Amino acid sequence: MAANPMQSRLHESPIVKDTVDHIMEVMETAFDPTWGEAWNRRQVSDALIMPTTHVIVISASGIIDPPSGSDIAGFCLSRHTAGEEELLLIGVKPTSRGAGLGRKMIEQLIRDAQARGAIRIYLEMRANNPAESLYRTIGFQPIGKRPKYYRLSNGERMDAITFGLSI
Ligand SMILES: CC(C)(COP(=O)(O)OP(=O)(O)OC[C@H]1O[C@@H](n2cnc3c(N)ncnc32)[C@H](O)[C@@H]1OP(=O)(O)O)[C@@H](O)C(=O)NCCC(=O)NCCS
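Residues numbered from 1 in each chain as written. Predicted model: local features only at pLDDT ≥ 70, side-chain atom pairs only at ≥ 80, totals over all residues. Heavy atoms only, no water.

For the structure shown, the criterion picks out 10 salt bridges. Notably, a salt bridge pairs Glu85 with Arg116, separated by 2.6 Å at the nearest N-O pair. Taken together, the residues span a long stretch of sequence, with Glu85 in strand E3 (residues 84–92) and Arg116 in the loop between helix H4 (101–115) and strand E4 (120–126) at a distance of 31 residues. You can call Glu85 buried: its relative accessible area is 0%. (Salt bridge = Lys/Arg side-chain N within 4 Å of Asp/Glu carboxyl O. Helix = DSSP H or I, 4+ residues; strand = E, 2+ residues; numbered from the N terminus. Buried < 20%, exposed > 50% of the residue type's maximum accessible area, 1.4 Å probe, protein only.)

Here it is in structure tokens:
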């Protein structure tokens, strides 16, 4: 069976054993508990076991998949299935926002997804997420809506919007 280039890159990297720690460190500060979007450690670990799941981490200085010991500021998790890539979760520490790290990870994801044979990337976000402007400037367009899909910590429901990008 041919090696998966992204998994190979991850396993060859000195940061591999710290990947879950890095993701969780960002997770704890990047996601507002109001929205219930953060994943727990078990969800991250389980996702990373799957060969179709891919992760990009970025340092505070903007280096993608930096050497061990770097100051990690963000991560992006995605899943590849049948010619499509789903952006599962992206987060950047609040102290590192607005510096282009989120955009850089999505641009890397586009290149990686193309290398994996994807022709489309899609993602789903809650209706009021300010990340929408980032997604739109990259070219994502809304393609669907799931009414009242998310249940918030206060019990309210919020629509999920699906965005797609042909690559
Ligand atoms: C979405 C997120 C990853 C963007 O990371 P980032 O490194 O700040 O993104 P960039 O610097 O590349 O781009 C920022 C742009 O996106 C927009 N944007 C993204 N998140 C925003 C936010 N929370 N508030 C306001 N604008 C935001 C702005 O238009 C900004 O444009 P500007 O640089 O011209 O001002 C980050 O805000 C984050 O971690 N948010 C919380 C987690 C989340 O909601 N993730 C997405 C759903 S899974």
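What follows continues from the structure just given.
Lining the immediate surroundings of the ligand are 19 residues, of which Ile90, Val92, Gly100, Arg103 and Ser133 lie closest. The separation between an oxygen atom of the ligand and a polar main-chain atom of Ala99 is 3.3 Å. Here an oxygen atom of the ligand sits 3.0 Å away from a polar atom, N or O, in the side chain of Asn129. Protein contacts shield 70% of the accessible area of the ligand, which totals 870 Å² for the unbound molecule. When contributions to the shell around the ligand are tallied by element, the ones reaching two or more residues are E3, H4 and helix H5 (131–138). (Near = heavy atom within 4 Å. Polar contact = N/O pair within 3.5 Å; in protein donor to acceptor, adjacent residues only side chain to side chain. Areas by Shrake-Rupley, 256 points an atom, 1.4 Å probe, with all protein chains shown as cover.)

Interaxial distance between helix H2 (residues 19–30) and helix H3 (residues 41–49) falls to 10 Å at its minimum, and their mutual angle equals 140°. In terms of axis orientation, H2 runs oblique to H3. Crossing of H2 against H3: the hand is right-handed. Only Arg41, Val44, Ser45 and Leu48 of H3 make contact with H2, whose side of the interface consists of Thr19, Val20, Asp21, Ile23, Met24 and Met27. (Axes fitted to C-alpha atoms, helices over the stretch in contact; angles between N-to-C directions. Parallel < 35°, antiparallel > 145°, perpendicular 65-115°, else oblique. Left-handed = near helix turned anticlockwise from the far one by under 90°. Contact = heavy atoms within 4.5 Å.)

Two elements, strand E5 (residues 141–151) and strand E6 (residues 157–166), share 7 bridges in a ladder whose sense is antiparallel. Paired with Tyr150 across the strands is Met158, a residue of E6. Where E5 folds back on E6, the antiparallel hairpin that results is connected by 5 residues, among which Gly155 adopts a positive phi of roughly 90°. (Pairing = 2+ DSSP bridges.)

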